[in-house]
Amino acid sequence: AQSVSQHNHHVILSEAASLELGCNYSYGGTVNLFWYVQYPGQHLQLLLKYFSGDPLVKGIKGFEAEFIKSKFSFNLRKPSVQWSDTAEYFCAVNRGSGGSNYKLTFGKGTLLTVNP
Amino acid sequence: AAGVIQSPRHLIKEKRETATLKCYPIPRHDTVYWYQQGPGQDPQFLISFYEKMQSDKGSIPDRFSAQQFSDYHSELNMSSLELGDSALYFCASSSYRAGANVLTFGAGSRLTVL
């Protein structure tokens, strides 16, 4: 079974600071990797995804993530955060060849607080 | 673009009552997933359906049941509700036929058990 580990439970930054949120996964086969964002009281929204190809993927709102296969990592980055980025961020994986089932396994989430 | 629709958005029930949550997937999506997210927790997979058949089962209590109907909408039925069932219940959909393995989530149904 897959598992996902997010290193930071709560990250507090000032506006314009750079962000990196760590994510490691464990699974013996091919995986698809995702970052979802959840703004306070809202649903999960897809930030970016990696299936194959270029390990550096760009998502919405200036976010990017790098897949490092040797480290089983998929860290999320943003060069300069804004107050509006305050949210909870979830790393998630599903099996690369899921058949009809692409259920996601989530990490515990990282709460990002950006102070103005 | 059409999204995943969940109803009701909010639901308050007493202990031992029953509740039914509904999920309408994105048109032409054939797979539905249910997740439970407790306060301050990560979403936990409950159950999924593909083409009206259960495709996977996670940490769904025996008191809960679900099904997917011919129009692909899904319902999650919860009986003998307990305080610990208070959570946000998300539905997500994807399209296996289209080879799309990205889940799109609905806004969630917030269940409060008193």
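Here the structure is a predicted model, which is why all the values come from computation and not from measurement. (Residues numbered from 1 in each chain as written. Chains lettered and ligands numbered in written order. Predicted model: local features only at pLDDT ≥ 70, side-chain atom pairs only at ≥ 80, totals over all residues. Heavy atoms only, no water.)

### Digging into the overall build of chain A
So, point 1. Helix and strand content of chain A: zero helices and twelve strands.
So, point 2. When its helices and strands are written in sequence order, chain A yields β-β-β-β-β-β-β-β-β-β-β-β.
So, point 3. A compact globule built from 116 residues should have a C-alpha radius of gyration of about 13 Å, and chain A, at 14 Å, falls within 12% of that.
So, point 4. In terms of overall dimensions, chain A has C-alpha extents of about 45 × 30 × 20 Å along its principal axes. (Helix = DSSP H or I, 4+ residues; strand = E, 2+ residues; numbered from the N terminus. Rg over C-alpha atoms; globule rule 2.2 N^0.38 Å.)

### Focus on the interface of chain A and chain B
So, point 1. At the junction of the two partners, chain A supplies 21 residues and chain B supplies 22 residues.
So, point 2. The interface formed by chain A and chain B contains five residue pairs in polar contact (both at pLDDT 80 or more).
So, point 3. Listed by contribution, the elements that provide at least two residues to the side of chain A that touches chain B are strand E5 (31-38), strand E6 (44-50) and strand E10 (87-95) of chain A.
So, point 4. At four residues, the largest contribution of residues to the side of chain A that touches chain B is made by E5(A).
So, point 5. Tallied by class, residues from the side of chain A that touches chain B come to nine nonpolar, nine polar and three charged. (Contact = heavy atoms within 4.5 Å. Polar contact = N/O pair within 3.5 Å; in protein donor to acceptor, adjacent residues only side chain to side chain. Nonpolar A, V, L, I, M, F, W, Y, C, P; charged D, E, K, R; others polar.)

### A few points about the state of the cysteines
Residues and elements named next belong to chain B.
So, point 1. Overall, the coordinates contain two disulfides over all chains when judged by the stated rule.
So, point 2. The disulfide partner of Cys23 is Cys91, and the S-S distance across this bridge is 1.8 Å. Measuring the twist about the S-S bond at about -60 degrees, one finds the Cys23-Cys91 disulfide to be left-handed. Remark: Cys91 occurs in strand E9 (residues 87-95) and Cys23 occurs in strand E3 (residues 19-24); sequence separation between them is 68 residues. (Disulfide = S-S within 2.5 Å.)

### Some words on unusual backbone geometry
So, point 1. A cis amide bond links Ser7(B) with the next residue in sequence, Pro8(B), at an omega value of -10 degrees.
So, point 2. Looking at the secondary structure, you find Pro8(B) in the loop between strand E1 (5-7) and strand E2 (10-13).
So, point 3. With phi around 80 degrees, Ala16(A) is a residue other than glycine that occupies positive phi space.
So, point 4. With respect to the secondary-structure elements, Ala16(A) resides in the loop between strand E2 (10-14) and strand E3 (19-21).
So, point 5. Unlike most non-glycine residues, Arg16(B) shows phi in positive territory, near 75 degrees.
So, point 6. Of note, Arg16(B) is situated in the loop between E2 and E3.
So, point 7. On the basis of relative accessibility, which here comes to 65%, the residue Arg16(B) falls in the exposed class. (Buried < 20%, exposed > 50% of the residue type's maximum accessible area, 1.4 Å probe, protein only.)

### Some remarks on the pairing of E5(A)
Residue and element names in this part refer to chain A.
So, point 1. Counting buried residues along E5, eight of its eight residues qualify, which places the element largely inside the surrounding structure.
So, point 2. What you see with E5 is no split at all: Val31, Leu33, Trp35 and Val37 on one side and Asn32, Phe34, Tyr36 and Gln38 on the other are buried throughout.
So, point 3. Where E5 lies against E10, eight bridges are found, and the strand directions are antiparallel. By the bridge assignment, Val37 is partnered in E10 with Tyr89.
So, point 4. Between E5 and the antiparallel strand that follows it, E6, lie five residues; Gly41 among them carries a positive phi value of about 75 degrees. (Pairing = 2+ DSSP bridges.)

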